[in-house]
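As a plain string of letters, each chain reads:
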Amino acid sequence: VVTTPGLHRWHHSMDLREGNKNYGENLVLWDQLFGTYFDDARRRPPAEIGIREAMPATFAGQIVAPFFWASYQRKAAQPPAAAPADVTQSSQSCHRPPLKPHSAATSDEL
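For clarity, every value in this text was computed on a predicted model and none was experimentally measured.

Colleague: I'm lost on unusual backbone geometry in this one. Help?
Modeller: Only a minority of non-glycine residues have a phi that is not negative, and only a minority of peptide bonds are not trans. Phi is positive for Asn 22, which is not a glycine, with a value near 55 degrees. Here Asn 22 is to be found in the loop between helix 2 (16–19) and helix 3 (29–34). With relative accessibility at 5%, the residue Asn 22 sits in the buried group.

Given below as structure tokens:
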């Protein structure tokens, strides 16, 4: 009737047939009632747990992710945007002289 650490570990299985189960935080009764109870007595709970898909980094992002899961996964699968141009190139393109290294400055230039 009470959830155990082993039952909770099934909830975090990377195999979604096992992982989308055992939602009850304290009582197994709710999972039995709603058909989400899972326990495989023939083997131990998984040692490798987690989510294979991309996951938002913030708590708020994780709360809303289920409502936008498909679009979030598509966006996460896209290649990253191109890196910005080299700082030296961008300063030259603004018609500014390149900066001298700090060690090259003389007391007359300060």
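Colleague: In this structure, what is going on with the environment of Arg 43? I would like to understand it.
Modeller: By secondary structure assignment, the location of Arg 43 is in the loop between helix 3 and helix 4 (59–64). When its relative accessible area of 40% is taken as the criterion, Arg 43 is described as partly exposed. Other than its neighbours up to four places away in sequence, Arg 43 contacts Trp 10 and Glu 18.

Colleague: I would appreciate a short explanation of the side chain of Ser 13 in the present structure.
Modeller: In this fold, Ser 13 is placed in the loop between helix 1 (5–11) and helix 2. Given a relative accessible area of 5%, Ser 13 falls into the buried group. Polar side-chain contacts of Ser 13 include one of 3.2 Å to the backbone nitrogen of Asp 15. The residues touching Ser 13, leaving out its near neighbours within four places in the chain, are Glu 18, Gly 19, Pro 46, Ile 49 and Gly 50.

Colleague: Help me understand the pattern of salt bridges, please; the structure alone is not making it clear to me.
Modeller: For side chains of opposite charge, pairing can occur when their charged atoms come near one another. Counted under the stated rule, the structure contains three salt bridges. Salt-bridge contacts for Asp 40 lead to Arg 42; the nearest nitrogen and oxygen are separated by 3.0 Å. A relative accessible area of 11% places Asp 40 in the buried class. Close ionic contact of Arg 43 with Asp 40 constitutes a salt bridge, the shortest N to O distance being 3.1 Å. In the salt-bridge network here, residues are joined through shared partners; they are Glu 18, Asp 40, Arg 42 and Arg 43.

Colleague: Help me out: how do you make sense of the packing of aromatic side chains in this one?
Modeller: In total, this model carries three aromatic pairs according to the counting rule given. When the centroid spacing of 6.4 Å and the interplanar angle of 20 degrees are considered together, the rings of Trp 30 and Phe 34 count as stacked. A residue pair is termed a helical-turn pair when its members lie 3 or 4 positions apart in one helix, as Trp 30 and Phe 34 do in helix 3 at four residues. The exposure class assigned to Trp 30 is partly exposed, which follows from its relative accessible area of 47%.

Colleague: Explain the environment of Arg 9 to me, please; I cannot follow it from the model alone.
Modeller: Along the chain, the position of Arg 9 falls in helix 1. Distance from Arg 9 to Pro 45, taken between C-alpha atoms, is 6.1 Å for residues 36 residues apart in sequence. Sequence-distant contacts of Arg 9, defined by excluding residues within four places in its chain, comprise Pro 45, Pro 46, Ala 47 and Ile 49.

Colleague: Hey, could you run me through the side chain of Glu 18 in this one?
Modeller: With respect to the helices and strands, the residue Glu 18 is situated in helix 2. Look at Glu 18 and you get buried, because its relative accessible area is 7%. Apart from the residues within four sequence positions on either side, Glu 18 is in contact with Trp 10, His 11, Ser 13, Phe 38 and Arg 43.

What counts, and where the lines are drawn
- Residues numbered from 1 in each chain as written.
- Predicted model: local features only at pLDDT ≥ 70, side-chain atom pairs only at ≥ 80, totals over all residues.
- Heavy atoms only, no water.
- Helix = DSSP H or I, 4+ residues; strand = E, 2+ residues; numbered from the N terminus.
- Buried < 20%, exposed > 50% of the residue type's maximum accessible area, 1.4 Å probe, protein only.
- Contact = heavy atoms within 4.5 Å.
- Polar contact = N/O pair within 3.5 Å; in protein donor to acceptor, adjacent residues only side chain to side chain.
- Salt bridge = Lys/Arg side-chain N within 4 Å of Asp/Glu carboxyl O.
- Phe/Tyr/Trp six-rings, centres within 6.5 Å; stacked < 30°, edge-to-face > 60°.

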